[in-house]
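Take a look at the letters that make up each chain.
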Amino acid sequence: MADCLFCKIAAGEIPSNKLYEDEAILAFHDIDPQAPVHFLVIPKRHVESAAALNENDGPLLGHIYAKIAELCREQGVDKTGYRVVTNIGVHGGQSVPHLHFHVLGGRSMKWPPG
Ligand code: 5GP
Ligand code: ZN
């Protein structure tokens, strides 16, 4: 989608610090990390948020979560644990309207989130 920051990152038009890429998804480090490990996983296809997903997206979501687990093993946070978050809309705290999963680890997370 034109003028979408994460579509431009997915297309390589804006550089990112990549951890993983294939034809469907991209994982890259967050530019403003909130934990020792903080990366984002996005579908390359423009999806506005998790609210726009449907039953047909099951394989995409399985692929994303399997890759998150693999990347967290690589990042060394699989044993201590981590948090996966996707913000939706204004009250959810979503600032980039392209579906992304935050993966945070390397420190203890608080609950409830702010
Ligand atoms: P949201 O607030 O939508 O849940 O998360 C957006 C995330 O994208 C934020 O954590 C923010 O730091 C990150 N972000 C925004 N712009 C860029 C960018 O240009 N590059 C990277 N790597 N991350 C970005
Ligand atoms: Zn997009």
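Look up: the structure comes first, before these words.
The following refers to the structure shown. Predicted, not measured: the structure shown is a model, and the values here were computed from it. Per chain, residues are indexed from 1 in the order of the written sequence. Each chain is given a letter, starting from A, and each ligand a number, starting from 1, according to the order in which they appear as written. In view of the model being predicted, local features appear only for residues whose pLDDT reaches at least 70, and side-chain atom pairs are presented and counted only at 80 or more, with totals across whole chains, interfaces and linings using the full set of residues. Remark: hydrogens and water are excluded; side-chain values derive from all non-hydrogen atoms of the structure.

Things to note about the site of ligand 1
Neighbouring residues are identified by heavy atoms, a residue being near a molecule or strand if any of them is within 4 Å of it. Not every one of the 16 residues close to ligand 1 is listed here, only the nearest: D30, N87, S95, H100 and H102. For the purposes of these results, a polar contact is taken to be a pair of N or O atoms within 3.5 Å, where, inside protein, one atom must be able to donate a hydrogen and its partner to accept one; residues adjacent in sequence count only when each atom of the pair is a side-chain atom. Contact distances for ligand 1 include 2.8 Å between an oxygen atom and a side-chain N or O atom of N87. The contact in question runs from an oxygen atom of ligand 1 to an N or O atom on the backbone of G93, over 3.1 Å. Methods summary: accessible areas were calculated by the Shrake-Rupley approach with a probe of 1.4 Å, and residue burial reflects only the protein chains presented. When isolated, ligand 1 has an accessible area of 520 Å², and the protein chains bury 82% of it. A cavity here means a set of 1 Å grid points, computed over protein atoms only, where a 1.4 Å probe fits but cannot escape. A pocket is an open set with protein on both sides within 12 Å along at least 5 of 7 lines, and lining residues have an atom within 4 Å of a point. For a cavity or pocket, the test is whether more than half of a molecule's atoms lie within 2 Å of its grid points; if they do, the molecule sits there. For ligand 1, the cavity whose grid points lie within 2 Å of the majority of its atoms is the largest pocket. When contributions to the shell around ligand 1 are tallied by element, the ones reaching two or more residues are helix 1 (5-10) and strand 2 (25-29). The biggest single contributor to the shell around ligand 1 is helix 1, with three residues. Each residue belonging to the shell around ligand 1 can be placed in one class, and the counts come to seven nonpolar, seven polar and two charged. Helix and strand definitions here come from DSSP, where helices need a minimum of 4 consecutive H or I residues and strands a minimum of 2 consecutive E residues; each element is numbered from the N-terminal end. Polar here means any residue outside two lists: the nonpolar Ala, Val, Leu, Ile, Met, Phe, Trp, Tyr, Cys and Pro, and the charged Asp, Glu, Lys and Arg; Gly therefore counts as polar.

Read these as geometric descriptors, not functional statements.
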